[in-house]
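# Structural features, examined
Letter by letter, the chains look like this.
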Amino acid sequence: MISSSSKTILEVRNLSASVSGVGILKGINLTVRAGEVHAIMGPNGSGKSTFSKVLAGHPSYTVTGGEVMFQGKNLLELPPEERAHAGVFLAFQYPIEIPGVSNSAFLRLAYNTMQARRGGEDLDPLEFNDYIREKSRIVEMDPSFLDRNVNEGFSGGEKKRNEILQMAVLDPTLAILDETDSGLDIDALRIVASGVNKLMTPNNAVIMVTHYQRLLNYITPDFVHVMRGGQIIKTGGKELALELETRGYDWVHA
Amino acid sequence: MSAAIKSIFNHNTYLSGLLPTTAAPHEWLNALRADAALRVRALPFPTTRDEEWRFSDFSLMCKTAFAPVVATPALTLTDIAPFLLLEAVNSRLVFVNGIYAAHLSSTVLPAGVVATNFSAMLTNETLRAQLAQHAPFQHEAFVALNTSHLQEGALIVLSKNTDCTTPLHLLFVSTASIAPVASHPRCLIVAESGSACTLIEDYVCLPTVNASPTYFTNAVTEIVIEDDATLRHTRLQRESPSAFHVGYAAVHLGRNSCYDSNNITFGARLSRYNLHITQSAEGTNCTLNGLALISGRQVADTHTVMDHTQPNGNSAQLHKCIVDSGAHAIFNGKIFVRKDAQHTNSTQSSRNLLLSNKGRIDTKPQLEIFADDVKCAHGATVSQLDTEEMFYLNSRGLNANTARNLLIYAFAEEIIDKVPIASLKQHLSQTVSSQMGEIV
């Protein structure tokens, strides 16, 4: 899927960020082109999750240096909702529960908000019902989940499937999956991964933040990056993940 | 300042000024009324110097001279259509400014159920035996004032083992009038042993738009739930934003009885609700849910007492307040577990959402345990909207305002969802949602 002529979606240059005055990201560089899958791995505390939250615009993190260009826009200038409108999607490690709001109502609200921003048509509840039932097949989700309140009483696996369903509905250009594999049993992992694969096109891209090689058995990365101390210290192909799996992180040095 | 106006400002004579000027049509009622009137004259007006009233300053109402209701406007069913419940079309008592409106009421009731105005039943044994026996007019000034006005009121009696599947709707309508009026709604509900029913006690105002009349509602409800009986009680206060509302409910629980309360407060400039539940025999089950959603300069004060006096009682309470702009919500929840109330299982949670730095919430969950083998937990939180939750919704493309509204809606919905009447639940959800700008 990759060709050198693919256009650049994301360009991160020397990005630094801190939370409560403590520096977490210390000069990250990363280029993501259309059609690419990037895996970001690294030990606990290396800054992987912070990186994904900073890209999505989490208000608790302060960018202290560098820049992030997303399809020609300065991403760091945009509030999180405008990043979403521009095509950035973050699948959360811990999705929140929203009691009293049905999953389908929430998804329709998000979908219609996005459509309004992108100049598309609104869907009324009936039209949306058809649309979302089709989409929910991507993650093999039982339609009864659409009538339940957002993530309320969902198992870990169901929450993650719901994240990928949201990804399907919002149709992002760049999807960032923050430890989407954590807490999943093997069946749920297969379903979530297959959902992501179905959503991949030559025009979009995925960044997967993960601790484990096992997700990469299902979603094949084009690049594997190792983070440590707030920087990407090594980049390789998918074979790098296998090496990390057997040797750990200690041998990797900048 | 004239002498007349000065006397209005004198709190201690203020309530006496609201005493009735005419007698009731029945002697035993007059005797009760006279006892209560003595207490009205003797009891001090509650002020913020009283511990139980320290946050809700009802001396505000003393600036208004509320007149007794003399005539009620001729309302039609169309006027009250917004408040009618699909599930209770034939089981509704309507009172307008405290006076029974037979033409707006409908009482096609299942066998074993009595729902009527007091005056139709003045010789009824249950009414005579139970009225004013539970709400403490001896030491509560507003209860005394209500009792001094006894005449009109809603009487509900469920005969032994009657399972009333039709919800009963008690609708108290206040209307805009030339001079501010005071009304004193009264309810007596007796669920005889083994009976069950769902009750909606609903305080509303007309017109619903473009008017904010000032009036005073002083309601008292007495509930007797006999052995093995069940009452599901939803109380809804959606008075005018300029109204004063005081409500007192006394609940008496028999052996193995169940009482579910959903108490929802949207309205009034200043409101106070006292819910006092007393266990009189063992093995009772209570679920108490509360929601106050207020803004502007509203003050909503909820005081609850759950008095476990006997063994094997369960109670679970969740009270929520959502306070925007300069509003002020108060929650005071006392749970007593008396010496004999062994194996009580009681939880209480006060959860509060403060949306503005001008708003205020005072919450005081209190647990007093005198028994040694019980399971009790209580807690309170006051918070602003959660950053992580806001970020989650923002990252789905929702702007800050929509995300905020959605989270507030969700917070309220946890209580609204427990209302056992589908059409009312939907209506309340829509009310919250429209206040939030039609989000879902």
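Sequence order sets the numbering: in each chain, residues are counted from 1 along the sequence as written. Both sets of labels track the order of writing: A upward for chains, 1 upward for ligands. Per-residue local features of the predicted model are confined to residues with pLDDT of at least 70, and side-chain atom pairs are confined, for both listing and counting, to 80 or more; whole-chain, interface and lining totals are unaffected and use all residues.

Here the focus is the overall build of chain B. Labels follow the DSSP assignment, with helices taken as runs of H or I lasting at least four residues and strands as runs of E lasting at least two, numbered in each case from the N terminus. Counting secondary structure elements, chain B contains 9 helices and 22 strands. In terms of overall dimensions, chain B is globule-like: its C-alpha atoms have a radius of gyration of 21 Å, near the 22 Å expected for 440 residues. Buried residues are those with 20 or more other C-beta atoms within 10 Å of their own C-beta, exposed residues have 12 or fewer, and partly exposed residues lie in between; C-beta atoms are placed from the backbone. Of all 440 residues assigned to chain B, the portion counted as buried reaches 50%. Once local pairs closer than 6 in sequence are excluded, the contacts in chain B between residues at least 24 apart make up 82%. Taken over C-alpha atoms, the radius of gyration is set against a globule rule of 2.2 Å times the number of residues to the power 0.38. Once C-beta atoms are placed from the backbone, any two residues with those atoms within 7 Å are in contact.

Once that is clear, we can look at the overall build of chain A. Within chain A, the regular secondary structure consists of 8 helices and 12 strands. Scored against the burial criterion, the 254 residues of chain A give a buried share of 46%. The contacts in chain A between residues at least 6 apart in sequence include a share of 71% that link residues at least 24 apart.

With that out of the way, let us pick up the packing of helix α8 (residues 400-416) of chain B against helix α9 (residues 422-435) of chain B. Residue and element names in this part refer to chain B. Angles shown run from 0 to 180 degrees and are taken between the N-to-C directions of axes, each axis being a line fitted to C-alpha atoms and, for helices, limited to the stretch in contact. Between α8 and α9, the shortest axis-to-axis distance is 10 Å and the interhelical angle comes to 160°. In terms of orientation, α8 lies roughly antiparallel with respect to α9. You can see that α8 and α9 cross each other, and the crossing is right-handed. Between α8, through Y409, A412, E413 and I416, and α9, the contact on the second element is made entirely by K425, L428, S429, V432 and S433. We call two directions roughly parallel when the angle between them is under 35 degrees, roughly antiparallel when it is over 145, roughly perpendicular when it lies between 65 and 115, and oblique otherwise. The handedness criterion is simple: a crossing whose near helix is rotated anticlockwise from the far helix by less than a right angle is left-handed, and one whose near helix is rotated clockwise is right-handed.

Right, let's talk about the sheet that holds strand β9 (residues 174-178) of chain A for a bit. Residue and element names in this part refer to chain A. Two strands qualify as a pair provided that DSSP identifies no fewer than 2 bridges between them. Strand order across the open sheet formed by 6 strands is β6-β9-β10-β3-β11-β12, with mixed pairing between neighbours. Two strands close off the open sheet at either side, each with one partner strand: β6 (88-91) and β12 (231-236). Each neighbouring strand pair of the sheet contributes to a mean axis angle of 20°, computed without reference to strand direction. Two elements, strand β3 (residues 37-41) and strand β11 (residues 223-228), share 4 bridges in a ladder whose sense is parallel. Its bridge partner lying in β11, M41 is registered against V226.

Our next topic: the confidence of the model for chain A. Confidence of the prediction at every residue is given by pLDDT, a number between 0 and 100. For chain A, per-residue confidence averages 93 on the pLDDT scale, and 98% of positions sit at 70 or higher. Highest mean pLDDT in chain A belongs to β6 of chain A (98); lowest belongs to strand β7 (residues 98-102) of chain A (83).

Our next topic: the pairing of strand β19 (residues 328-337) of chain B. Residues and elements named next belong to chain B. With 9 of its 10 residues buried, β19 lies for the most part within the structure. Two strands pair when backbone bridges link them, and strand β17 (residues 299-308) and β19 are joined in this way by 10 bridges, in the parallel orientation. The residue bridging H303 from the neighbouring strand is N332, located in β19. Here 10 bridges tie β19 to strand β21 (residues 360-369), and the two strands are oriented parallel to one another. Directly across from K334, in β21, lies its bridge partner Q366.

Moving on, we get to the environment of S16 of chain B. Residues and elements named next belong to chain B. Residue position: S16 is located in the loop between α2 (11-14) and α3 (27-42). The class for S16 is partly exposed, based on 17 C-beta atoms found within 10 Å. C-alpha separation for the pair S16 and V40, spaced 24 residues apart in sequence, amounts to 6.1 Å. Other than its neighbours up to four places away in sequence, S16 contacts V40 and R41.

At the interface, 19 residues of chain B touch 25 residues of chain A. Of all elements in the fold, only α7 (387-394) and α8 of chain B reach the threshold of two or more residues within the side of chain B that touches chain A. Looking at the side of chain B that touches chain A, the element that brings in the most residues is α7 of chain B, giving 6 residues.

What follows concerns the nonpolar core. Only buried residues count toward a nonpolar core: Ala, Val, Leu, Ile, Met, Phe, Trp, Tyr and Cys, linked into one set through C-beta atoms within 7 Å. Ranked by size, the top nonpolar core spans 198 residues in total, and within it L174, I176 and M208 of chain A together with I189, A329 and A412 of chain B carry the most contacts. At 10 residues, α8 of chain B tops the list of elements feeding residues into this core. If we skip the residues at most four places from it in the chain, L174 of chain A touches I9, L10, V32, F70, G87, V88, N204, A205 and I207 of chain A.

What follows concerns the sheet that holds strand β5 (residues 73-74) of chain A. Residues and elements named next belong to chain A. Within the open sheet, the 4 strands sit side by side as β2-β1-β4-β5. Their pairing is antiparallel. Each end of this open sheet is capped by a strand with a single partner; those strands are β2 (22-33) and β5. Relative to strand β4 (residues 61-70), strand β1 (residues 8-19) is paired through 8 bridges, and the arrangement is antiparallel. Among the inter-strand pairings, V12 is bridged to a residue of β4, identified as V68.

A few words on the packing of helix α3 (residues 103-118) of chain A against helix α6 (residues 156-170) of chain A. Residue and element names in this part refer to chain A. Direction vectors running N to C along α3 and α6 enclose 30°, while the axes themselves pass 9 Å from each other. Crossing of α3 over α6 shows right-handed handedness. Judged by residue contacts, N103, L107, A110, Y111 and M114 of α3 engage N162, Q166, V169 and L170 from α6. Here the term charged refers only to Asp, Glu, Lys and Arg, the term nonpolar to Ala, Val, Leu, Ile, Met, Phe, Trp, Tyr, Cys and Pro, and the term polar to all other amino acids, Gly among them. Here the contact of α3 with α6 is built from residues that sort into 6 nonpolar, 3 polar and no charged.

A few words now on the pairing of strand β13 (residues 244-253) of chain B. Residues and elements named next belong to chain B. Burial runs high along β13: 10 of the 10 residues are buried. Side chains F244, V246, Y248, A250 and H252 of β13 all project onto a buried face; the interleaved residues H245, G247, A249, V251 and L253 project onto the opposite face, where all are buried too. Inspection of the sheet shows strand β11 (residues 216-225) paired to β13 by 10 bridges, in the parallel sense. The partner of T217 across the bridge, within β13, is H245. Across 10 bridges, β13 lies against strand β15 (residues 270-279) in parallel orientation. Considered in β15, the bridge of F244 is made with L270.

Side chains that are three or four residues apart share a direction in an α-helix, a result of its 3.6 residues per turn. Here, expected helix span is obtained from the residue count minus one, scaled by 1.5 Å. The end-to-end C-alpha distance of α3 of chain A, which contains 16 residues, comes to 22 Å, matching closely the 22 Å that a straight helix rising 1.5 Å per residue would cover. The positive-phi residue at the C-terminal boundary of α3 of chain A is G119 of chain A, with phi of around 75°.

All names here are of chain B. In this model, L206 is joined to P207 through a cis peptide bond whose omega is -10°. In this structure, P207 sits in the loop between β10 (196-206) and β11. Even without glycine at this site, A132 takes up a positive phi of about 65°. Assignment of secondary structure puts A132 in the loop between α5 (125-130) and α6 (141-148). Take A132: there are 23 C-beta atoms within 10 Å of it, and that puts it in the buried class.

All names here are of chain A. Of the residues making up helix α8 (residues 238-247), those classed as buried are L240, A241 and L244. All buried residues of α8 lie within an arc of 100° about the axis, which places them on one face of the element. Among the exposed residues of α8, those oriented more than 90 degrees off its buried face are E239, T246 and R247. Buried positions along α8 lie against β3, β11 and β12. Downstream of α8 by one or two residues, G248 has phi in the positive range, about 75°. Taken from the helix axis, the directions to the C-beta atoms give the arc we talk about.

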